[in-house]
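Next come the chains, spelled out residue by residue.
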Amino acid sequence: QRLFSCLQEHASNGIATTVQGLLADMLHKQTNSVDSIVQHAEEQDQLYDVTEGHELCGNDTSSGSDAGSSSGSELDTELGKCFYPSIEALENSRPPEVGMKFPTLEDAERFYSTHAMLTGFAARRGTNYKRKKFHLLCNRSGKLKPTQDLQRKRKVNVLGSQCQAKVIVKLHNEQWEFTGVKHEHNHPLCPSPSLTSFFLDHKYLSSEEKLFLRVLQQSRVNPRKAMNIFQRMRSNFGNVSSSNEKDMSNSQCVDQWRKENSDVETALKRFKELELRNQGFSYTMQKDEDNIVRSLFWTDARSKVDYEIFGDFISFSTTYSTNRHNMPFTPIIGVNNHGRILVFGCALLQDQKAETFKWMFQTFLHVMRGKLPKTIIIDQDEGMVKAIAEVMPQVRHRLCKFSVMRKAQEMLGAFMAARGNMNAELHSLVDNSLTEKEFEEGWAVLIERYDASENEYLRLMWKTRKSWVPVYFRADFYPFVESAEHGEGSNLLFKDNVLPKDRIEKFIEQYERIQEGIVKTEEEDTLQSATEPAYFSMQPIEKHAACIYTRQIFLRVQKELYYSTALNAHEIQGGAAYRLEKVFDYENPEFDRNSFEVLVEPGTYTFKCQCAKFTRDGILCCHIFRVFTQLGVIEIPARYIVPRWAREFREERLKEYEEKCSKRTEGRKRCAMLLGKMADIGKGICADSAKSGCFMLELDKVQEKLVGADDQIVLWSK
């Protein structure tokens, strides 16, 4: 209604009447439109209606909760909304083939759904096996189940014809791969060139038209009806933003609409309640020149303590955005001593510009008493990169490999598809290079082999390689970020709790719920760590690891110990170097290669593996464990036990933190006492210049004595 009133204010009576009719169509879901085009397209509407299969489940359990797109497309939305393909997806679309790989399951689904829309059918997710293998089916794969209600306009599930068309997508080496494809349908297909053209023309829409299209999408209007609505709007009153003057007035109208629908005030009330209830909870607002709140940041006491203890590594992601407010939701994430996700704070931001991110980083550091992390990983976001360079130039930061490769798939999908196995070779090169030289020489060979030297995006990837390719960060602590578990863990944490349709205060409620879940999981992990684990061997080193590490970290170490039994060790340089050869395959190896080298400094118990797992993750790799077996090492050397993974680490650091806080509190008390005493004396003598002068002289003498006492203490200590 507010959108309609805005349009009405800046349009003629005829335009307003048309828009009002369109909105009525949306609200009442009328399918018998007076427009002959809509009547003619009724059968095809069924193919694209979201309730009949053209929706993408956002979680592996199909539980019905999804937090939205992970692809970054402007028009992608959460579960239950219509699937609107991106321009890049349409331009790069092609038939699915066995061997195609995707960074996430959602990317694979969007690829197949885009192909389905262009071909003339709809896709849906079918059965799965242990959440690692999924069937993506034609929406007519079910049996025919005619509805008994003959009066219904929409006949849900009437399209079943037991169609066998499908693709099988399976998780392999941390990527989702098409392992089976069947193209044949047993029913007519209804491709629509006009619908494809409509989405390709999205880049030419005005900001107001894009906003209106987003409203249609959130109102469960399927893509074909959205196209028909736009056709009718333009046929009645042309392009709404045909002049600069209209652009300006419409923009002001949209801004006013956003302000009127803002629930920031309610959120601020919620924050104030939390401040009273939760000592240590704090929030900060960013306001514009009109004193309107544009960005919010909040955290709590436990998050501050967690950051003090585990703030050596943090990650930022803007994947979880809210269409309701056009505000990117940015959780600030860390990892505790169990290897579990921590949330240090959250922000709802005005936009993704460098200045906005700069405000977020500065606010975060201020709240955390200026403590800097050692390493940061972020999405491929130009604004965030620029902000980090300004606010934390001394901190090592990198781009998420999965984010970069996902973008590469969007930009280079068609280009690489025309060049055979290029996509698979690119992924293999990025994932399996052990040295910078190996990667750079392999890149040159790849580019030459596929005649890709003129491709601008590949040039950009090469130019920025040192900001995202894992091999350039082998010496930096980025715990477990190369594993699919890390990304999946944070995605599930927020996708199960944060929905784009939520109001801001709902985000805050879900934040509290997430924090409660984190605390509960940590308590369970702590209790489990005190119990005896199951062992796979009789080796002392396995029991030694169980005594040191928290249970979740021990399980990771145990896996490396188990994998070490699949390797043979060959001495290649007089006790100083060993080659490890894989003689048995094992599940999900970190590197898809069969040979590694481990260097040893005899007598010092210093070991260095090519894979650099210890510096990256803080635990030893299977290759070094195999050399331990060869040399008879029965305990993990102290230098290879990273304290942050130990059982007692949190408790020990918590005591240190409490002592620091206690000393800080005592110092503040002494300062307050001295200032109070000085104030009392000052009040009594400030009117007498002689007494004031005498007092100042005595203060100087006291200061000299204190400095002399400090010097004497230094001499004694020497």
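Parameters and conventions
- Residues numbered from 1 in each chain as written.
- Predicted model: local features only at pLDDT ≥ 70, side-chain atom pairs only at ≥ 80, totals over all residues.
- Heavy atoms only, no water.
- UniProt positions renumbered as here; feature names shortened; annotations may be inferred.
- Buried < 20%, exposed > 50% of the residue type's maximum accessible area, 1.4 Å probe, protein only.
- Helix = DSSP H or I, 4+ residues; strand = E, 2+ residues; numbered from the N terminus.
- Arc of directions from axis to C-beta.
- Contact = heavy atoms within 4.5 Å.
- Polar contact = N/O pair within 3.5 Å; in protein donor to acceptor, adjacent residues only side chain to side chain.
- Pairing = 2+ DSSP bridges.
- Axes fitted to C-alpha atoms, helices over the stretch in contact; angles between N-to-C directions.
- Phe/Tyr/Trp six-rings, centres within 6.5 Å; stacked < 30°, edge-to-face > 60°.
- pLDDT = per-residue confidence, 0-100.
- Salt bridge = Lys/Arg side-chain N within 4 Å of Asp/Glu carboxyl O.
- Parallel < 35°, antiparallel > 145°, perpendicular 65-115°, else oblique.
- Nonpolar A, V, L, I, M, F, W, Y, C, P; charged D, E, K, R; others polar.
- Left-handed = near helix turned anticlockwise from the far one by under 90°.

Looking at an unreviewed UniProt entry, the protein chain carries the name Protein FAR1-RELATED SEQUENCE, with the source organism given as Aegilops tauschii subsp. strangulata. According to its UniProt record, the protein chain has this under Subcellular location (unreviewed entry): "Nucleus".

(A) Representation of helix α14 (residues 382-391) within the structure. Those residues of α14 lying buried are G383, M384, A387, I388 and V391. The buried residues of α14 occupy one face: seen down the axis, they fall within an arc of 130 degrees. Residues of α14 that are buried sit in contact with β8 (313-316), α13 (354-367), β12 (375-378) and β13 (396-399). A distance of 3.0 Å separates the backbone nitrogen of G383 from a side-chain oxygen at the start of α14, and that oxygen is part of D381.

(B) Fine view of helix α24 (residues 622-631). Counting buried positions along α24 yields 7 of 10 residues, so the element is predominantly enclosed. Of the positions making up α24, those classed as buried are C622, H623, I624, F625, R626, V627 and F628. In this structure, the buried residues of α24 make contact with α21 (540-548), α22 (551-564), β14 (567-571), β15 (577-582), β16 (595-601) and β17 (606-609).

(C) The sheet that holds β15, seen in detail. The antiparallel open sheet is built from 4 strands, whose spatial order is β14-β15-β16-β17. Of all the strands in the sheet, just β14 and β17 have a single pairing partner and so form its edges. If you compare each strand with its neighbour and ignore which way they point, the axes differ by 25 degrees on average. Direction of pairing for β15 relative to β16: antiparallel, over a ladder of 5 bridges. Following the sheet pairing, L580 is matched in β16 by F596. Against the sheet, α24 contacts β14, β15, β16 and β17, and its axis sits at roughly 140 degrees relative to β17.

(D) A look at the sheet that holds strand β1 (residues 101-102). Strand order in this open sheet of 5 strands is β1-β5-β4-β3-β2, and the pairing throughout is antiparallel. Since the sheet does not close on itself, it has two edges, and those belong to β1 and β2 (123-129), each with one partner. When strand β3 (residues 133-138) meets strand β4 (residues 166-172), the two strands line up antiparallel, connected through 5 bridges. Pairing of K133 across the sheet is with K170, part of β4.

(E) The arrangement of the UniProt feature "domain: SWIM-type" (unreviewed entry) in the protein chain in detail. Using the residue numbers shown here, the UniProt feature "domain: SWIM-type" (unreviewed entry) corresponds to residues 596-632. Secondary structure across residues 596-632 divides into 41% helix and 27% strand, with the first and last C-alpha atoms of the span separated by 20 Å.

(F) Summary view of the packing of aromatic side chains. For the structure on display, the rule yields 32 aromatic pairs. Judged by centre distance (5.2 Å) and plane angle (50 degrees), the rings of F102 and F111 are tilted. Centroid distance W298 to Y511: 6.0 Å. Interplanar angle 85 degrees. Geometry classified as edge-to-face. Taken together, the residues W298 in strand β7 (residues 293-299) and Y511 in helix α20 (residues 504-529) connect sequence positions 213 residues apart.

(G) Fine view of the environment of E438. When you line up the elements, E438 lands in helix α17 (residues 436-449). Relative accessible area serves as the criterion here: at 30%, E438 is assigned to the partly exposed category. A sequence separation of 33 residues divides E438 from V471, and the C-alpha atoms of the two residues are 9.4 Å apart. The residues contacting E438, other than those within four sequence positions of it, are L429, N432, S433 and R593. Of the polar contacts made by the side chain of E438, one reaches the backbone nitrogen of L434; its length is 3.1 Å.

(H) A look at the pairing of strand β10 (residues 327-335). The element β10 is extensively covered by neighbouring structure, given that 9 of its 9 residues are classed as buried. When β8 meets β10, the two strands line up antiparallel, connected through 2 bridges. Among the inter-strand pairings, S315 is bridged to a residue of β10, identified as I333. The pairing of β10 with strand β11 (residues 341-348) spans 7 bridges and is antiparallel. Pairing of I333 across the sheet is with V343, part of β11. Counted between consecutive antiparallel strands, the loop separating β10 from β11 contains 5 residues, among which G339 sits at a positive phi close to 80 degrees.

(I) Quick peek at the confidence of the model for the protein chain. Residues with a pLDDT of 70 or more make up 70% of the protein chain, whose mean pLDDT is 77. Scored below 50 in pLDDT, residues 714-718 makes 0 contacts in the model with residues more than four places away or belonging to other chains.

(J) Representation of the pattern of salt bridges within the structure. One pass over the full model with this rule turns up 33 salt bridges. Across the pair R650 and E522 runs a salt bridge, and its minimum N-O distance is 2.9 Å. Here the residue R650 occupies a position in helix α25 (residues 649-685), and E522 occupies one in helix α20, the gap between them amounting to 128 residues. A relative accessible area of 10% means that R650 is categorised as buried. A cluster of three or more residues bridged by salt bridges with shared partners is formed by R270, E273, R277 and E512.

(K) Structural detail: the side chain of Q409. Here Q409 lies in helix α15 (residues 401-417). Relative accessible area serves as the criterion here: at 15%, Q409 is assigned to the buried category. Not counting residues within four places of it along the chain, the set of residues in contact with Q409 comprises N92, K101, F102, M416 and N423.

(L) Representation of the packing of α17 against helix α18 (residues 456-463) within the structure. Two elements in contact, α17 and α18, have axes whose closest approach is 12 Å; the angle formed by their N-to-C orientations is 175 degrees. Considered as vectors, α17 and α18 are oriented roughly antiparallel to each other. Across the interface between the two elements, F439, E440, W443 and I447 from α17 touch L458, M461 and W462 from α18. When the residues that make up the contact of α17 with α18 are grouped by side-chain class, the tally is 6 nonpolar, no polar and 1 charged.

(M) The arrangement of the environment of L434 in detail. On the secondary structure map, L434 appears in the loop between α16 (422-432) and α17. Residue L434 is classed as buried on the basis of its relative accessible area of 1%. Along the sequence, L434 and F596 sit 162 residues apart, while their C-alpha atoms lie 9.4 Å from each other. If we skip the residues at most four places from it in the chain, L434 touches V471, R474, F591, R593, F596, Q610 and C611.

(N) Structural view of the packing of α15 against α18. For the pair α15 and α18, the least separation of the axes is 10 Å and the interaxial angle reads 155 degrees. Taken together, the axes of α15 and α18 lie roughly antiparallel to each other. The handedness of the crossing between α15 and α18 comes out as left-handed. On α18, the residues that touch V404, M405, K407, A408, M411, L412 and F415 of α15 are Y457, L458 and M461. Split by residue class, the contact of α15 with α18 holds 9 nonpolar, no polar and 1 charged.

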